[in-house]
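# Residue-level structure breakdown
Listed below, chain by chain, are the residues.
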Amino acid sequence: MTVGMCENQVTCSKHVPSRAALLQHCAAELGRLEVVRLLVHAAPQVATFRQVLGALPIHLAIAQGHLAIARCLLKAGELPDAQELLDALLRAARLHGTA
């Protein structure tokens, strides 16, 4: 099994440990669906935290073509730009031939 590297920095509120948000970003970027599901179940609010550069976990998932993860995160909660994200997800699905 290959282990990927993730170099995200996430700033979070005091209510959720920054490690949980960092893990969510890394799991989304690296395609670790089960980790994303576990974190969404345990702390759904981490799906809405942005990394230092402004990306949400769903942005990282879409950019890497991890569409199942993007769908999971989209269902997870109140994302600030959900419609825009859904449109990006559909475009990515067509691009990857999984629509």
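Calculation rules
Residues numbered from 1 in each chain as written. Predicted model: local features only at pLDDT ≥ 70, side-chain atom pairs only at ≥ 80, totals over all residues. Heavy atoms only, no water. Buried < 20%, exposed > 50% of the residue type's maximum accessible area, 1.4 Å probe, protein only. Helix = DSSP H or I, 4+ residues; strand = E, 2+ residues; numbered from the N terminus. Core = buried A, V, L, I, M, F, W, Y, C linked by side-chain atoms within 4.5 Å. pLDDT = per-residue confidence, 0-100. Contact = heavy atoms within 4.5 Å. Polar contact = N/O pair within 3.5 Å; in protein donor to acceptor, adjacent residues only side chain to side chain.

Another point: helix H4 (residues 67-76). Extensive coverage of H4 is indicated by the burial of seven of its ten residues. All buried positions along H4 are accounted for by Leu 67, Ile 69, Ala 70, Cys 72, Leu 73, Leu 74 and Ala 76.

Val 36, Ile 58, Ile 62 and Leu 73 are the most contacted members of the largest nonpolar core, which totals 21 residues. Put simply, the parts of the chain that give this core at least two residues each are helix H1 (18-30), helix H2 (33-42), helix H3 (57-63), H4 and helix H5 (82-96). Looking at this core, the element that brings in the most residues is H4, giving seven residues. Among the nonpolar cores identified, the runner-up in size contains five residues, and Ala 20, Ala 21, Val 46 and Phe 49 belong to it.

What follows concerns the confidence of the model for the chain. Should the pLDDT be low somewhere, the predicted coordinates at that spot are not to be read in detail. Summing up the model confidence of the chain, the mean pLDDT is 76 and the portion of residues at 70 or higher is 73%. For the chain, per-element mean pLDDT is lowest for H5, which scores 75, and highest for H2, which scores 92. For the stretch residues 1-5, pLDDT sits under 50, and the model shows five contacts to residues farther than four places along the chain or on other chains. In the model, residues 9-17 has pLDDT below 50 throughout and makes 20 contacts with residues more than four positions away in sequence or in other chains.

In this section: the environment of Ala 20. For Ala 20, the location among the structural elements is in helix H1. What makes Ala 20 buried here is its relative accessible area of 16%. Separated by 27 residues in the primary sequence, Ala 20 and Ala 47 place their C-alpha atoms 9.9 Å from one another.

Structurally, His 25 can be placed in helix H1. Judged by relative accessible area, His 25 falls into the buried class, the value being 0%. There is a polar contact of 3.5 Å between the side chain of His 25 and the backbone nitrogen of Gln 51.

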